[in-house]
Amino acid sequence: HDSHAALVSCMQRTVASKLREEAGVSGADRAANWCNLGLWSDTNNGNQGGHIISSYNRACENLAHALGKAAGLGPTDAVLSCGCGSLDEVRFFKQRFHVRHITGIDPYLIEPRTIDTDDFNVRTIRASVDHLAAAGDGEQPMFPSRYFDKILALDNIYHYPCKSSFLRDCFSMLPAGGRIAVSDIVLKASSRRTPYWVKLVLRMLGIPTENLWGSIEYRKKLVSLGYEYDGVNIQTIGDAVFKGWSRILPKALLDHIDYAIIVASKPSTFPPRPKKKVAIIGSGLAGLSAAHYILTSPEAADFVVDVYEANDCPGL
């Protein structure tokens, strides 16, 4: 799996470099290391037309901006950018949305040619997202719990070995009211109704079959993991994303896939924990003593105690 992932990553960067060459970019734009599918329509809603973008770098920035805007990034946010690729992405989020601090992680991280030493609130780490949270066996999580307010994954979550595990890890890391925002390839139909050949082609492109969900499936998965039902928003922007790849991706494939920005929030409050029910049956004074001990303990609020006794007196 690791060799296939590395090959797919290399192919993506090669294609991205070729697109920059075709666009005739130079100077700082040529040195940029953006590598995503891009949002090729300069509008707030990519499926509603708008000015067509011809620059690959600008299309990549446009998709990043759409994700950051959907996540509601702001000056008080501590942000984790997963699969950031390079420092270009994390710098963009920091400069465009003025977030408090941001950390980018990527197993194939491209080291920058220059580093801004005057901004200590931007950092990158060469690491995988496989074990963001504690993985058991005494393993420590990569970051402290509730360290980040927002977690982003810009155009890469579909490549993860298990998308569900990543979303579960993010839920455990986020504080109450925290938010995750990803841009992702989604199926136009359900996974069950999508032709097998589509899944096979996407698997060859580095997308595991278990990561292929339709919009309805996506919402159900997020809610089942604990995310707030009303806090899940799925915005499809496939037309504006795939128009930049119409010469590469066949129409037969595009007829079955879409692209979306998905935002999900962790509930800011949680329902009260159900109480444990204890029944004490026919134990006389000993039973009453046990009930008194439970209901005067520090954990008393977690219990409901019923005493069943034939005689309504302690039996002294």
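Residues numbered from 1 in each chain as written. Predicted model: local features only at pLDDT ≥ 70, side-chain atom pairs only at ≥ 80, totals over all residues. Heavy atoms only, no water.

Peer 1: Explain the overall build of the protein chain to me, and be specific about the residues and the numbers.
Peer 2: Regarding its fold elements, the protein chain presents 10 helices and 11 strands. Residues classed as buried in the protein chain amount to 43% of the 316 residues present. In the protein chain, the proportion of contacts linking residues at least 24 apart, taken out of those at least 6 apart, comes to 69%. (Helix = DSSP H or I, 4+ residues; strand = E, 2+ residues; numbered from the N terminus. Buried < 20%, exposed > 50% of the residue type's maximum accessible area, 1.4 Å probe, protein only. Contact = heavy atoms within 4.5 Å.)

Peer 1: If you had to explain the sheet that holds strand β6 (residues 150-153) to someone new, which residues and values would you point to?
Peer 2: The strand order β5-β4-β3-β6-β7-β9-β8 describes an open sheet built from 7 strands, whose pairing is mixed. Of all the strands in the sheet, just β5 (122-125) and β8 (233-236) have a single pairing partner and so form its edges. Sheet twist, expressed as the average angle between the axes of neighbouring strands with direction ignored, equals 20°. Relative to strand β4 (residues 101-105), strand β3 (residues 78-82) runs parallel, the two sharing 5 bridges. Bridge pairing in β4 places A78 opposite H101. (Pairing = 2+ DSSP bridges. Axes fitted to C-alpha atoms, helices over the stretch in contact; angles between N-to-C directions.)

Peer 1: So what's going on with the pattern of salt bridges? Residues and values would help.
Peer 2: Within the structure shown, the criterion is met by 4 salt bridges. Across the pair K150 and D77 runs a salt bridge whose closest N-O atoms are separated by 2.9 Å. With K150 in strand β6 and D77 in the loop between α3 (56-71) and β3, this residue pair connects regions lying 73 residues apart in the sequence. Taken individually, K150 and D77 each receive the classification buried, so the pair is uniform in this respect. (Salt bridge = Lys/Arg side-chain N within 4 Å of Asp/Glu carboxyl O.)

Peer 1: Describe the confidence of the model for the protein chain, and please don't skip the residues or the numbers.
Peer 2: Residues at a pLDDT of 70 or more form 78% of the protein chain, whose mean pLDDT is 82. Below pLDDT 50 for its whole length, residues 113-118 participates in 4 contacts with residues either more than four positions away or in separate chains. (pLDDT = per-residue confidence, 0-100.)

Peer 1: Which residues make up the packing of aromatic side chains, and what values do they have?
Peer 2: How two aromatic rings sit relative to each other is set out by the distance from centre to centre and by the angle between their planes. Under the criterion given, the structure shown has 10 aromatic pairs. Considering the side-chain rings of F92 and F93, the 6.0 Å spacing of their centres and the 70° angle between planes classify their relative orientation as edge-to-face. Grouping residues by exposure puts F92 and F93 together as buried. An angle of 80° between the planes, with centres 4.9 Å apart, marks the rings of W213 and Y218 as edge-to-face. What makes W213 buried here is its relative accessible area of 4%. Taken together, the aromatic side chains of W34, F92, F93 and F97 make up a single cluster linked through ring pairs. Across the ring face of W213, the terminal group of K163 is positioned such that the distance to the ring centre comes to 4.4 Å. Its end group placed over the ring of Y229, R219 keeps NZ or CZ at 5.4 Å from the ring centre. (Phe/Tyr/Trp six-rings, centres within 6.5 Å; stacked < 30°, edge-to-face > 60°. Lys NZ or Arg CZ within 6 Å of the ring centre and 35° of its normal.)

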